[in-house]
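# Report on the structure
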Amino acid sequence: MKPDARVCDVARRYGVKAQQLTTWRRLARAGRLALVTDDAADFVSIELSDPVASGKSEGPVEITIGKVSVRLDADVSAVRIAEIVTAIERGA
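Below: a short report on this structure.

Cut-off values and rules
Residues numbered from 1 in each chain as written. Predicted model: local features only at pLDDT ≥ 70, side-chain atom pairs only at ≥ 80, totals over all residues. Heavy atoms only, no water. Helix = DSSP H or I, 4+ residues; strand = E, 2+ residues; numbered from the N terminus. Buried < 20%, exposed > 50% of the residue type's maximum accessible area, 1.4 Å probe, protein only. Areas by Shrake-Rupley, 256 points an atom, 1.4 Å probe, with all protein chains shown as cover. Contact = heavy atoms within 4.5 Å. Expected span 1.5 Å × (residues − 1). Pairing = 2+ DSSP bridges. Salt bridge = Lys/Arg side-chain N within 4 Å of Asp/Glu carboxyl O. Axes fitted to C-alpha atoms, helices over the stretch in contact; angles between N-to-C directions. Parallel < 35°, antiparallel > 145°, perpendicular 65-115°, else oblique. Left-handed = near helix turned anticlockwise from the far one by under 90°. Nonpolar A, V, L, I, M, F, W, Y, C, P; charged D, E, K, R; others polar.

## What to know about the overall build of the protein chain
Helix and strand content of the protein chain: three helices and two strands. Counting from the amino terminus, helix and strand elements in the protein chain follow one another as α-α-β-β-α. Per-residue burial over the protein chain gives 14% buried out of 92 residues. Carbon together with sulfur atoms contributes 51% to the accessible area of the protein chain, which is approximately 7500 Å² in total.

Structure representation (structure tokens):
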């Protein structure tokens, strides 16, 4: 989202497809994807523990940011998870 950033460079740096990054940017600009801050977005590393081969989670989703941990049902949407992470990051 930074003014001088090129989608292809950012996508290559983080190992994602440029098309996916473009979709995320479009969704964020339309307000359909929550951003953690109002500043330019950064990528963060995630760690999957015991991922299921099908790609679908059988158990709860656990988010830990600092001293805060939140457990959610496996069927919670990605948008809702992003909203919760945003609220935690902003100290709400």
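## A closer look at the environment of Arg32
The topology assignment puts Arg32 in the loop between helix H2 (18-29) and strand S1 (61-65). Expressed as a C-alpha distance, the spacing of Arg32 and Val79, which sit 47 residues apart in the sequence, is 7.6 Å. Excluding residues within four positions of it along the chain, Arg32 makes contact with Leu27 and Val79.

## Here we look at H2
Over its 12 residues, H2 runs 16 Å from end to end, which matches the ideal 16 Å to within 8%, given 1.5 Å per residue. Residues of H2 that are buried in the fold lie against helix H1 (7-14). Positive phi appears at Gly31, one or two residues downstream of H2, with a value of about 80 degrees.

## A word on the pairing of strand S2 (residues 68-72)
Every other side chain in a regular strand lies on the same face of the sheet, so the side chains alternate between the two faces. Relative to S2, S1 runs antiparallel, the two sharing five bridges. Following the sheet pairing, Ile63 is matched in S2 by Val70. Between S1 and S2, which pair antiparallel one after the other, the connecting turn spans two residues, and Gly66 there sits at a positive phi close to 65 degrees.

## Description of the pattern of salt bridges
Think of it this way: side chains of opposite charge can pair up when their charged atoms draw near. On inspection of all chains with the given rule, the structure shows four salt bridges. The shortest N-O distance in the salt bridge between Arg12 and Asp9 comes to 3.4 Å. Taken as a pair, Arg12 and Asp9 lie in helix H1 at a separation of three residues, close to a single helical turn. We classify Asp9 as partly exposed; its relative accessible area is 29%.

## Thoughts on the packing of H1 against H2
When two helices pack together, their arrangement is given by the angle between their axes and by how far apart the axes lie. Taken N-terminus to C-terminus, the directions of H1 and H2 make an angle of 115 degrees; their axes are 9 Å apart at the nearest point. Classified by the interaxial angle, the pair formed by H1 and H2 is roughly perpendicular. Crossing hand, H1 versus H2: right-handed. The residues of H2 that touch H1, namely those facing Val7, Val10 and Ala11, are Ala18, Leu21, Thr22 and Arg25. Across the contact of H1 with H2, the residue classes break down as five nonpolar, one polar and one charged.

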